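Read off the chains here:
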Amino acid sequence: MAVLGFVSEQGAAMGNDLHDQADAVVVGGGLAGLVAACELADRGRSVLVLDQEGAQNLGGQAFWSLGGLFMVDTPEQRRMKIRDSRGLALADWMGSAQFDGPQDEWPRRVAEAYVAFAAGPMRDWLHGIGMRWFPVVGWAERGGALATGHGNSVPRFHVTWGTGPGVLAPFVRMARAHEAAGRLRFAFRHRVTALDIAAGRISGVSGEVLEPTDVARGQRSGRGVVGAFRIEAGAVVVTSGGIGGNLARVRAAWPEARLGPAPDRMVCGVPAHVDGDMMDVAAFAGAARINTDRMWHYTEGLRNWDPIWPDHGIRILPGPSSLWFDALGKRLEAPYLPGFDTLGTLRRILSTGHAHSWFVLSQSIIKKEFALSGSEQNPDLTAGRWGAVLKARLGAGGKAPTPVEAFKQHGADFTVAATIEDLVAGMNRIGAAMGDPVLDPASLRAQIEARDGQILNPFAKDTQVTAIRGARAYRGDRLIRTAKPHRILDPAHGPLIGVRLSVLTRKTLGGLHTDLDGAVLDAEGYRIDGLFAAGECAGFGGGGYHGYNALEGTFLGGCLFSGRNAGRAAAG
Ligand SMILES: Cc1cc2nc3c(=O)[nH]c(=O)nc-3n(C[C@H](O)[C@H](O)[C@H](O)COP(=O)(O)OP(=O)(O)OC[C@H]3O[C@@H](n4cnc5c(N)ncnc54)[C@H](O)[C@@H]3O)c2cc1C
């Protein structure tokens, strides 16, 4: 099919009604969309990538991400003496996913295929297009319950040099090369509002041309409409992301029976364009949505003191040593330890009737163990500067990395004090502004002293103390992620730090029901001719390949895998 017209930002500004044609339309210029578009263009198809945001937003959420990828049995793991295998990774995945419904057939098959990919060609493919990884493989989501349950048995979180922008870079480069060769075009500020149907198949898309925008990347842009468009296409690939930027949608889909009531207050871990509207558009055209109540939200959210998008929250990636207290001041029991079981901890926190919780830690812990998720919070890794990484991560000068220290200084959720009594007074001052229950300093002191007594005991029964020792058995954790065990109340490791944590929305685990090719299925499970989906809007493949729980690094990984499959299949 030849390309007839040309959609441009100038056209949009002039308010023309635009008609155009391409072999394939990709709805969404995030990571999944870019991967799919490159696969299509590699196969000689003419591709039009539409995005509701401006050109400055190319890459979507992946730009903001930490760039962590779930890969299995890699040279990076072997160098760190981590023995991993496809079998172990699959067992971990299934223990976490806990697939339990007939609709989980395709999600389960996509999960199996992804694990095979992650243990097979994934790294060579990405290495071949220029990606490299930080040598210390991270150990996210450790589970902490039974061997058959949720969690990563071994470290598998491969942080890409350059973080999220480093993951995007090869695909942006390849897409731009296809653009220069005339095979691929971008049309920004084009918001798809309908999938067109002709002769029983998807025949293209239509929508609104939005007013031009010059907001910075990630900021909320205007929704003024200046025109309309219609594109005919042989195939449409939907890669429009999840729902995490729309708190009303998150609340409406919240699995109250499983997690407890939806928090009345949350911070937002994704930009406003992660609005979920396009999934309604696909559903209107007959696409089935499954597992809509499965989501992946974090419990360690901070209110960003320097926000980019509305309600902007930042997630702490904690090491294992911070003491975690619920809203009533009771220490969380195992397995609800920092970095172990995200949704289990969320359920535990919400069971108090409150959505917030508290970390109490020492300066020695914050400097070694606190990392913040996001490319802009890790300028050293994002810039790929070795010297800066080592200096920041080894805690030069007794300080935490600069972005963490900035939160400590400016963040509304932090308080610092020399004694536990003063610290709890500071925590209660933060809580008073939020209507929180008042914390009792004597109770916190007693719980911390009891834990501190165990840290000096080589035969401790406190599970968090044994978890810290377990973490330090891994060279990577010992080097940069786990503070030397010490008494929290030891002034030599002070000052004390209290941090109020909010629920932070992030990932959508369910989505458009697809098969392994990314072909979108209808309510009866039949393929909808001409319609494909990939990335977060497809639950990262199949309509929810994580099942109920994620092992981390599987979101970007899932965009790469499902985008590649959908792009190839849509090329015919
Ligand atoms: C701070 C942060 C850290 C993260 N860290 C990691 C990590 O380390 N590892 C990991 O695996 N994952 C991580 N993630 C998650 C991961 O980045 C996302 O899940 C992933 O990038 C989603 O990509 P996507 O292409 O599916 O969707 P998106 O990136 O959301 O892109 C969708 C695009 O579609 C456009 N769009 C939506 N609707 C329409 C419409 N109707 N018409 C036209 N365009 C539309 C949007 O404007 C957007 O540009 C992180 C996310 C964040 C925010």
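Residues numbered from 1 in each chain as written. Predicted model: local features only at pLDDT ≥ 70, side-chain atom pairs only at ≥ 80, totals over all residues.

## Observations concerning the nonpolar core
In a soluble, globular protein the nonpolar side chains are often hidden away together inside. Stated precisely, the cut-off is as follows: Linking buried Ala, Val, Leu, Ile, Met, Phe, Trp, Tyr and Cys residues through C-beta atoms within 7 Å yields a set, and such a set is a nonpolar core. Comment: burial labels come from other C-beta atoms within 10 Å of the residue's own C-beta, placed from the backbone, where a count of 20 or more is buried, 12 or fewer is exposed, and between is partly exposed. Secondary structure elements are defined from DSSP: runs of H or I of at least 4 residues count as helices, runs of E of at least 2 residues count as strands, and each element is numbered from the N terminus. What counts as a contact here is a pair of residues whose C-beta atoms, placed from the backbone, lie within 7 Å.
Among the nonpolar cores identified, the biggest contains 124 residues, and Val25, Ala37, Val236, Val237, Phe532 and Ala533 are the most heavily contacted of them. Ranked by the residues each element gives to this core, the list is headed by helix H2 (residues 31–42), at nine residues. Residue contacts for valine 236: discarding those within four places in its chain leaves Val25, Val27, Leu195, Ile202, Gly204, Val205, Gly530 and Leu531. Listed in part, the 41 residues of the second largest apolar core include Leu372, Val404, Val465 and Ala483.

## Some words on the site of the ligand
Quick note on the threshold: Using a C-beta atom placed from the backbone for every residue, we mark a residue as near a molecule or strand if that atom lies within 6 Å of it. Residue polarity is assigned by list, with Asp, Glu, Lys and Arg as charged and Ala, Val, Leu, Ile, Met, Phe, Trp, Tyr, Cys and Pro as nonpolar; anything else, Gly included, falls into the polar class.
Taken together, 42 residues surround the ligand, and among them Gly28, Gly30, Gly60, Gly241 and Gly535 come closest. Of all the elements in the fold, those that place two or more residues in the shell around the ligand are H2, strand S2 (47–51), strand S6 (190–198), helix H10 (277–284) and helix H20 (554–570). Among the elements that line the shell around the ligand, the one with the most residues is H20, at five residues. When grouped by side-chain class, the residues that make up the shell around the ligand number 14 nonpolar, 22 polar and six charged.

## Points about unusual backbone geometry
Along the chain, alanine 334 connects to proline 335 via a cis peptide bond; the corresponding omega equals 5 degrees. The residue proline 335 is located in the loop between strand S13 (323–326) and helix H11 (342–350) in this model. The residue after glycine 494, namely proline 495, is reached through a cis peptide bond having omega 0 degrees. Within the secondary structure, proline 495 sits in the loop between helix H19 (475–480) and strand S17 (496–508). Residue arginine 189 is not a glycine yet carries a positive backbone phi of 60 degrees. Within the element layout of this structure, arginine 189 appears in the loop between strand S5 (184–188) and S6. In this structure, alanine 199 takes a positive phi of about 50 degrees despite not being glycine. Here alanine 199 shows up in the loop between S6 and strand S7 (201–210).

## Let's talk about the domain arrangement of the chain
Heads up, the rule is: Throughout, the edges of the domains are those of an automatic or database domain assignment.
Domain boundaries assigned for the chain yield domain 1 (18–63 + 164–295 + 508–536 + 561–570), domain 2 (68–163) and domain 3 (297–504). Centre-to-centre, using C-alpha coordinates, domain 2 lies 26 Å away from domain 3. On the side of domain 3, 18 residues touch domain 2, which itself brings 19 residues to the contact. In terms of residue class, the side of domain 2 that touches domain 3 is built from 10 nonpolar, six polar and three charged.

## Description of the packing of H2 against helix H7 (residues 163–180)
The condition that has to hold: Angles run from 0 to 180 degrees between N-to-C directions of axes, and those axes are lines fitted to C-alpha atoms, restricted for helices to the stretch in contact. Roughly parallel covers angles under 35 degrees, roughly antiparallel covers those over 145, roughly perpendicular covers 65 to 115, and oblique covers all other angles. Crossing handedness follows the turn of the near helix against the far one: under a right angle anticlockwise gives a left-handed crossing, and clockwise gives a right-handed one.
Between H2 and H7, the shortest axis-to-axis distance is 9 Å and the interhelical angle comes to 40 degrees. When the axes of H2 and H7 are compared, the pair comes out oblique. In this structure, H2 crosses over H7, and the sense of that crossing is left-handed. On H7, the residues touching Leu31, Leu34, Val35, Ala37, Cys38 and Ala41 of H2 are Val167, Leu168, Phe171, Val172, Met174, Ala175 and His178. Taken together, the residues of the contact of H2 with H7 sort by class into 12 nonpolar, one polar and no charged.

## Some details on the pairing of S5
Regular strands have side chains that alternate between both faces of the sheet. What counts is decided by this rule: For two strands to be treated as a pair, DSSP must find at least two bridges joining them.
Most of S5 is tucked away: four of the five residues are buried. Examined bridge by bridge, S2 and S5 share five bridges and lie parallel to one another. Bridge pairing in S5 places valine 47 opposite leucine 184.

## A closer look at the packing of helix H4 (residues 86–97) against helix H5 (residues 105–118)
Contact geometry of H4 with H5 gives a least axis separation of 10 Å together with a crossing angle of 145 degrees. In this structure, H4 crosses over H5, and the sense of that crossing is right-handed. Judged by residue contacts, Arg86, Ala89, Leu90, Trp93 and Ala97 of H4 engage Ala111, Glu112, Val115, Ala116 and Ala118 from H5. Class assignment for the residues of the contact of H4 with H5 results in eight nonpolar, no polar and two charged.

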